[in-house]
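Structural characterization, general
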Amino acid sequence: MTSTAYLAQLGIPFGGPPVILKDPAEEFQASPPAKAASAATSSKAPTEAKSEKADGAPDGRSFLEKWIEADLAKGGRCEKLKEKVLTRFPPEPNGYLHIGHAKSIMINFGLAYKYGGQCNLRFDDTNPDTEETEYVEAIQEDVAWVCQALNMEKMKKGGKPWKDEVLYASDYFQQMYDFAIDLIKHGKAYVDSQTPEEVQKNRGGGPNNLPGVDSKFRNRSVEENLKLFQEMQDGKHAEGSQLLRAKIDMQHPNMNMRDPPMYRIRFSSHHRSGDKWKVYPMYDFAHGNEDAIEGVTHSICTLEFENHRALYDWFLDNCSIIPSRPYQKEFARLEVQGAVTSKRKLLRLVKEGHVSGWDDPRLLTIRGIRRRGVRPQGLKCMADGVGVSDRNSTTPWDFVEECWREDLEPISKRRLAVLDPLEVEIVDYNKEELIEGITDLPEQSASSDPSCARTLSFSKSLFIDRGDYQENPPEGYFRLGAIGSEVKLRHSYVIKLKEVIKDKSGTVTKLKCSHDPATRDTMPADRKPKVIHWVNAKDCLDAEVRLINPLFLAMPDPMPEGKDFLDYINPEAMVRCAAKVEKALGKPVLEDRYQFERVGYFAPDYDCFSEPKKLSFNRVVPLKESADKKKIEGKGTASRKEAQQAQLAEKERLQKIPPEEFFKSERGAEFSAYDEQGVPTHDKEGNALPKSAMKKLAKDLEKQKKLYESWKASK
């Protein structure tokens, strides 16, 4: 794969220790896992990374593990209440899951299982306008597939990873409605009749984080609020005309606490409850209530909900009929370099035909990853390597690939496949023979386990890869080139080039070679020719081999005016090769994984099993790149030199920006207020940024300061 076509800046190192999810049957090992920072800044092999010690985590536990263990310890919250750990995974049924969700699934289900608890699968179907049954069914399949990596006993017995039945927020609409009535009765909620424009205007915020203004309807009586709320449910008011809001504090520094909306009017039909409800709860109100109704002990969210935790707590602490008291903590979600996971963007890719569907192997949806050939164990390896952090960052793509390689290498059956065939005739070989005892994996023995062995056929007519011959070979090229050059055929003979056959256009169509009969099972003692792969032309099979590359080229941030993310689709995201493969690949099994020797790791595509059947394989991940790696898929759209020049130009541009202006000029659309050094303090909606985010931004600014000062000093 031409990786330089997809260069992008690496993220800031992760902070905090990672969590390694284990089968609880395994004996606990105190050896610390990988630094999360290593996953975010290097392409080091996961097993190598895991030998390092995580800063601040001498026992290898993450902050989430410590939190749960403290609650389970004697005198802890769960121990006092005699509660078992109960987490939840609460997707909205308005899209397909993607690679980022895989980490959340591993954490929520993995931690619950590790500590002897369970995890609910709950669909947050509070928005009737976007939910579809199609997504509900797909999400269940995807969650169950990902959880295979957790080695759960209940799944071994044919069960599902979640507790009991699948749950829905819509199951609790009546209870949440009752909670809202309770808040109204206690003077803690009111019906606001302001227009949507007035609500937004009076909320305050902005660059100076202006205080909000109380609604003129804020002091309605309890009786009037109860009456209006009932009328909202009865469908007597138009959409957008009334809003049930919590009565908290319009001057609160946290924008989420400024009388947040609890219920809005919607006349849409719900996919489960039909037309029964005319009012639907807002997510911030529903979130904690759903957890409380289910008895969730540990509500584990991603960092974008950190500023919402105060509201989560307020609703739970101010409702007098809440059935239990869950608690929330946040972790950094998985961000992968170059990944497009926005539901809106994914929908465009599918609807506009840029990909073949939600399971297109170029997509980083769970469905696409699965069809590509990644195993759940590979996703777990990735999640373990990245770890659990309380600081957002970006995981390099080459680290993700290395995790998938680590999973596939020990289980992938070795096979021979020629992606760009060139015919070879062995002029002094006139028989046919069988090469027996070729094992699926290097460490296997055909004599002790015949089932792991296969037989290769050999004749005078072969195919080798076109890249293993060069008419004018560069320095350091040690395969077939000049007349008399030699190579060793894998599991077979050394052959020597005798003649090159070309067609009228000058294209090489065949190589004629001789062979050394003494070298079939051994290397010659007096020389060490390079080993290449091949297939027998007499019984090989035609197959389509698809080289899956990143779907997008590196995108600028911010996006230039007039540009769209679709403008950066990689034209070589899927390279189709008319390959020749060995006979043993003729009847693939969907779960099997293969290492096409000297090429990469591959999986059979669904096309192998649906009518009309077509023998086809997807590249899951290439072999680890080496200096002389062949460019099977062509030069790509950007050369290494071009990529380096682009990086240099970007550095030259950035170094001229004064530090105090850096975030304003480069990321001004994301923030609304800054401190005297230029560090953002509030997001674009006027919400105060969490300390963890400001700490990361301050580090970014310090890098910019050093870059700027270095440039100034050179002038």
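Look up a bit, the structure's there.
Conventions and cut-offs
Residues numbered from 1 in each chain as written. Predicted model: local features only at pLDDT ≥ 70, side-chain atom pairs only at ≥ 80, totals over all residues. Heavy atoms only, no water. Axes fitted to C-alpha atoms, helices over the stretch in contact; angles between N-to-C directions. Helix = DSSP H or I, 4+ residues; strand = E, 2+ residues; numbered from the N terminus. Parallel < 35°, antiparallel > 145°, perpendicular 65-115°, else oblique. Left-handed = near helix turned anticlockwise from the far one by under 90°. Contact = heavy atoms within 4.5 Å. Nonpolar A, V, L, I, M, F, W, Y, C, P; charged D, E, K, R; others polar. Pairing = 2+ DSSP bridges. Core = buried A, V, L, I, M, F, W, Y, C linked by side-chain atoms within 4.5 Å. Buried < 20%, exposed > 50% of the residue type's maximum accessible area, 1.4 Å probe, protein only. Expected span 1.5 Å × (residues − 1). Polar contact = N/O pair within 3.5 Å; in protein donor to acceptor, adjacent residues only side chain to side chain.

Let us now look at the packing of helix α11 (residues 283-294) against helix α12 (residues 309-318). Axis separation between α11 and α12 bottoms out at 9 Å; the angle between their running directions is 60°. The angle between α11 and α12 falls in the class oblique. Crossing handedness for the pair α11 and α12: right-handed. Counted together, Asp284, Phe285, His287, Gly288, Asn289, Asp291 and Ala292 of α11 and Leu311, Tyr312, Phe315 and Leu316 of α12 form the full contact between these two elements. Broken down by class, the residue content of the contact of α11 with α12 amounts to six nonpolar, three polar and two charged.

The strands that make up a sheet are held in pairs by hydrogen bonds between backbone atoms, and each pair lies either parallel or antiparallel. Ordered by their spatial adjacency, three strands build an open sheet running β1-β2-β3, and the pairing between neighbours is parallel. Only two strands of the sheet have a single neighbouring strand rather than two, namely β1 (86-89) and β3 (167-168). With two bridges joining them, strand β2 (residues 118-123) and β3 adopt parallel strand pairing. Within the sheet, the bridge partner assigned to Arg122 lies in β3 and is Leu167. Its contacts with the sheet put helix α6 (residues 133-146) on β1, β2 and β3, and the angle it makes with β2 is roughly 160°. The strands touched by α11 within the sheet are β1, β2 and β3, with β2 carrying the most contacts at an inclination of about 135°.

Moving on, we get to the nonpolar core. Soluble globular proteins tend to bury their nonpolar side chains together. Ranked by internal contacts, the top residues of the largest apolar core, which has 46 residues, are Phe109, Val143 and Leu379. Looking at this core, the elements with two or more residues in it are α5 (99-114), β2, α6, α14 (366-372), α15 (376-386), α16 (397-408), β24 (600-604) and β25 (616-622). Ranked by the residues each element gives to this core, the list is headed by α5, at seven residues. Sequence-distant contacts of Phe109, defined by excluding residues within four places in its chain, comprise Phe89, Cys119, Val143, Cys147, Leu150, Pro161 and Trp162. By size, the runner-up hydrophobic cluster in this structure holds 32 residues, among which are Leu167, Tyr172, Phe179 and Ile265.

The α-helix winds at 3.6 residues per turn, so residues separated by three or four positions along the chain end up facing the same way. For α5, spanning 16 residues, the distance from its first C-alpha to its last is 22 Å, which sits close to the expected 22 Å at 1.5 Å a residue. Counting buried positions along α5 yields 16 of 16 residues, so the element is predominantly enclosed. Gly116 lies just past α5 and shows a positive phi near 75°.

A word on the side chain of Arg77. With respect to the element layout, Arg77 can be found in helix α4 (residues 77-81). At a separation of 3.0 Å, a polar atom in the side chain of Arg77 contacts the main-chain carbonyl oxygen of Thr297. If we ignore the near neighbours within four places in the chain, the residues touching Arg77 are Trp67, Asp71, Thr297, His298, Arg325 and Tyr327.

Keep in mind these values describe shape, not function.
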